[in-house]
Amino acid sequence: MSRLVIRDAAQVVVFPEGPIRGPGFDDVRLIENATITCEDGVIVSIGEEEPAETDDVIDATGCTVIPGFVDCHTHLPFYGWRADEDAARLSGVRYQDIHGKEGGIFRSARLLAEASDEDVLAFSQQLATSMLHRGTTTLELKSGYGLSIEAELRQLRLARLLADAIPQEVSVTCLIHAVPNGRSAGEYVGEVCDVLLPKAVEEGLIDAVDIYVETIAFELEHAARVAHAAEALSLRKKVHAEQLADNQTGSFAARWGFASADHLNHLSNDGIADLCESDTAAVLLPGATFTLRQEKKPPARALLDGGAIVALGTDLNPGTSPIHSMPVVITLACRLYGLRPVEALAAATANAAHVLGFADRGRIAVGAKADLVLLDLPSIDHIAYRPDEDPVVGVICGVEGHTGNGQEVVGPDENP
Ligand code: NIG
Ligand code: FE
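Residues numbered from 1 in each chain as written. Chains lettered and ligands numbered in written order. Predicted model: local features only at pLDDT ≥ 70, side-chain atom pairs only at ≥ 80, totals over all residues. Heavy atoms only, no water.

J.: Pulling in residues and values, what's your account of the coordination of the iron ion (ligand 2)?
T.: Only His73 (NE2), His75 (NE2), His240 (NE2) and Asp315 (OD) from the protein reach the iron ion (ligand 2) as donors, at distances of 2.1 to 2.3 Å. Site description for the iron ion (ligand 2): donor spacing in sequence, H-x1-H-x164-H-x74-D. Of this pair, His75 sits in the loop between β6 (69-71) and α1 (83-90) while Asp315 sits in the loop between β13 (310-312) and α12 (326-337), placing them 240 residues apart in sequence. With relative accessibility at 1%, the residue Asp315 sits in the buried group. (Donors = N, O, S within 2.8 Å, 3.2 Å for Na, K, Ca; no water. Helix = DSSP H or I, 4+ residues; strand = E, 2+ residues; numbered from the N terminus. Buried < 20%, exposed > 50% of the residue type's maximum accessible area, 1.4 Å probe, protein only.)

Take a look at the structure:
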């Protein structure tokens, strides 16, 4: 048995069970001067227990201890950046106009196709490791830069190889991202539903599906077809919704029992009401809003006040959100969308874990997985308040027998 004691934390943030929404925020507790004891990667006590001589001890004096971040929307694994497209956007070109035969998603598909498996894994693993050092202990991986059945399968297999190489646990999503050149949307979606998804399930590659509903990609009728296929295969359902225009995808996701609707910059009042009444999470991705300098923000305040499940992710991708740090995402969510610090933290941990279907993490509680982050801050209010300070000084992620990859402890002495 391995025991780890994190002692004398200035503040420990304790969330109630399940996703935190509406009045659930009243049950959040901030405990001062607390010690957390973990056994074999599971939290066994929160309080004042004295460590035994044989215990590993981390002195958390002056630190705030929070659950490990769960990044519930990333586009890893991918290969290469697209900074020149960003520079073009800063000169006035629209994202929609870059997206085409050679640019945007199609460019990333070409970069991925031309790179060796080793190069893709090295590039992506370096990012995942950097995410760990910034406190991300669970993350989503997606395909969507393959754009053919074989190339999507390759990207999904690379996602599984990446998962084997990192200490974080992952959830893998098959993303139907763009209409391949020379194909019709319906034809590609049909092939995805009939061939790609069953094959990916048979190989044990995927946990969820996602589709990009937008004028430059797919329509709701395609999302409905994908939803049916996902249900038949017992996969979770996610959707890129209303990033560039109001197209009722938020309401659609709520009615069809999707796990999440992501982006939501153009969500209408009907969409707000439908999401608030449902168990479909609103996943907000302020890194993309920031990068694209979008004036239209999702109605975050209305969603939160109406009792929706709100979660956060980086949307890490080379086109619209080259951002991999959840503390930065929390800062952007507070500054651009008006989330309160405790709402942003719940969205980046407990609620994001709920989106990915992990019931055992995202909160500090007896019996929960001991994925923990030490912030060199006296309280969570400092994360967005001092955004240019990297606050993460310790990360505890996984344990042998639990993730299979061994426990990773980046202690407060080893500045990550
Ligand atoms: O979530 N909007 C669609 N997909 C990504 C961008 C992908 C890309 O440009 O490569 C997003 O923002
Ligand atoms: Fe995305």
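J.: Give a description of the side chain of Ser379 that names residues and reports values.
T.: Locating Ser379 in the fold gives a position in the loop between β14 (372-375) and α15 (382-385). You can call Ser379 buried: its relative accessible area is 14%. What Ser379 contacts, discounting residues up to four positions off in sequence, is Gln11 and Thr64. (Contact = heavy atoms within 4.5 Å.)

J.: Kindly report on the pairing of strand β5 (residues 64-67), identifying the contributing residues and their values.
T.: In terms of strand pairing, strand β1 (residues 3-14) meets β5 through two bridges, oriented parallel. Looking across to β5, one finds that Val12 is bridged to Val65. (Pairing = 2+ DSSP bridges.)

J.: Help me get a handle on the site of ligand 1, residues and values and all.
T.: By nearness alone, 15 residues border ligand 1, and Arg82, Tyr95, Tyr145, His177 and Thr320 come closest of all. In this structure, an oxygen atom belonging to ligand 1 sits 2.6 Å away from a side-chain N or O atom of Tyr145. Between an oxygen atom of ligand 1 and a side-chain N or O atom of His263, the distance comes to 3.0 Å. Calculation on ligand 1 without its partners gives an accessible area of 330 Å², and the protein chains cover 100% of this total. Residue composition of the shell around ligand 1, grouped by class: four nonpolar, nine polar and two charged. (Near = heavy atom within 4 Å. Polar contact = N/O pair within 3.5 Å; in protein donor to acceptor, adjacent residues only side chain to side chain. Areas by Shrake-Rupley, 256 points an atom, 1.4 Å probe, with all protein chains shown as cover. Nonpolar A, V, L, I, M, F, W, Y, C, P; charged D, E, K, R; others polar.)

J.: Any chance you could break down the sheet that holds strand β9 (residues 208-213) for me, citing the residues and the numbers?
T.: Spatially, eight strands are ordered β6-β7-β8-β9-β10-β11-β12-β13 in an open sheet, and the strand pairing comes out parallel. Either end of the sheet is taken by a strand with one partner, and the two such strands are β6 and β13. Averaged over all adjacent pairs, the angle separating strand axes in this sheet is 25 degrees, with direction ignored. In terms of strand pairing, β9 meets strand β10 (residues 236-241) through six bridges, oriented parallel. Counted as the bridge partner of Val209 is Lys237 from β10. (Axes fitted to C-alpha atoms, helices over the stretch in contact; angles between N-to-C directions.)

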